[in-house]
Structures are given as structure tokens and as C-alpha cells.
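Residues per chain, in single letters:
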Amino acid sequence: MHSRPLDRLPEAVNAELVDPTELLSVAEFARKFPNIVASEAALRWLLRAREKNGLLAIGAVIELRAHPDQHRARLLVSPRQFISWARRRFGREQ
């Protein structure tokens, strides 16, 4: 498993909501939770609209950039926040 740049998490990440040690890459999340997302491609499709669908706002997705002006970000997924978002979004709130 490769190391994660947890020391570079954006300040906007609320440590009470997102545990940095639980963050997964997009591929890792898709492999670990096939019952949540049908495939890595399906997850990436949801992540394309992360600003509009609320994934970014609730901390389900964290964007990491080496430089502030870098266009593409590395995305990390918080399983806890993503599953909470999916339950609300698809009507399975408990």
C-alpha cells in the first residue's frame, strides 16, 4: 500500500467528520465497497459532479493538489461520509 500525503490535507477538512486515516483512493474505495458503487467507473462518474451533488461539501471527497494552481486534483474518498451521503441521496437514511 502506498503512503498517503495526510500532512497535506486541506484545512477545510473537518477532523470531526473525516478521519484522515480512513481515506481511500478512488480505486481502493471501489474495490472495498462493491455493494455501494457498481464499479470504479461509476464512482468516477459521481465524482465528476462532486461540487454539484454535495460530495465535496460534506467531506465525502477530498481534493489534494501539489500546488494551488494545479488543475487536476488527486481524490480521496471518506467511506463514512460517502456512505452517509449515499443513504441520504438514495433514500436509505437510518
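Residues numbered from 1 in each chain as written. Predicted model: local features only at pLDDT ≥ 70, side-chain atom pairs only at ≥ 80, totals over all residues. Heavy atoms only, no water.

**Section: the pattern of salt bridges**
Here is step 1 of the chain: Evaluation of the coordinates by the stated rule reveals four salt bridges.
Here is step 2 of the chain: Here E63 and R50 are joined by a salt bridge, their closest N and O atoms 2.6 Å apart. One end of the pair, E63, is in strand β2 (residues 61-64); the other, R50, is in helix α3 (residues 50-53), with 13 residues separating them in the sequence.
Here is step 3 of the chain: Look at E63 and you get buried, because its relative accessible area is 16%.
Here is step 4 of the chain: R65 serves as the salt-bridge partner of E63, at 3.1 Å between the closest nitrogen and oxygen.
Here is step 5 of the chain: Overlapping salt bridges bring together R50, E63 and R65 as one network. (Salt bridge = Lys/Arg side-chain N within 4 Å of Asp/Glu carboxyl O. Helix = DSSP H or I, 4+ residues; strand = E, 2+ residues; numbered from the N terminus. Buried < 20%, exposed > 50% of the residue type's maximum accessible area, 1.4 Å probe, protein only.)

**Some words on the packing of aromatic side chains**
Here is step 1 of the chain: All chains considered together, the criterion is met by four aromatic pairs.
Here is step 2 of the chain: Ring geometry for F29 and F33: centres 4.8 Å apart, planes at 35 degrees, overall tilted.
Here is step 3 of the chain: Classification of F29 as buried rests on a relative accessible area of 0%.
Here is step 4 of the chain: Measuring from ring centre to ring centre gives 5.9 Å for W85 and F90, while their planes differ by 85 degrees; the resulting arrangement is edge-to-face.
Here is step 5 of the chain: With a relative accessible area of 5%, W85 lands in the buried category.
Here is step 6 of the chain: Classification of F90 as exposed rests on a relative accessible area of 52%.
Here is step 7 of the chain: Ring pairing ties together the aromatic residues F29, F33, F82, W85 and F90, which thus form one cluster. (Phe/Tyr/Trp six-rings, centres within 6.5 Å; stacked < 30°, edge-to-face > 60°.)

**Brief notes about the pairing of β2**
Here is step 1 of the chain: Of the two faces of β2, the one lined by V61 and E63 and the one lined by I62 and L64 are each fully buried.
Here is step 2 of the chain: Alignment of β2 against strand β3 (residues 74-77), held across four bridges, turns out to be antiparallel. Paired with L64 across the bridge in β3 is R74. (Pairing = 2+ DSSP bridges.)

**Re the nonpolar core**
Here is step 1 of the chain: Membership of the largest hydrophobic core comes to 17 residues, with the highest contact counts inside it found for F29, L43, L47, L55 and F82.
Here is step 2 of the chain: In terms of residue count, helix α4 (residues 79-89) provides more of this core than any other element does, four residues in total.
Here is step 3 of the chain: In this structure, L47 is in contact with V26, L55, V61 and L75, ignoring residues within four places of it in sequence. (Core = buried A, V, L, I, M, F, W, Y, C linked by side-chain atoms within 4.5 Å. Contact = heavy atoms within 4.5 Å.)

**Points about the sheet that holds β3**
Here is step 1 of the chain: Strand order across the open sheet formed by three strands is β1-β3-β2, with antiparallel pairing between neighbours. Each edge of the open sheet carries a strand with a single partner, namely β1 (24-25) and β2.
Here is step 2 of the chain: Strand direction decides the pairing type here: β1 and β3, joined by two bridges, are antiparallel. Its bridge partner being in β3, S25 is matched across the sheet by L76.

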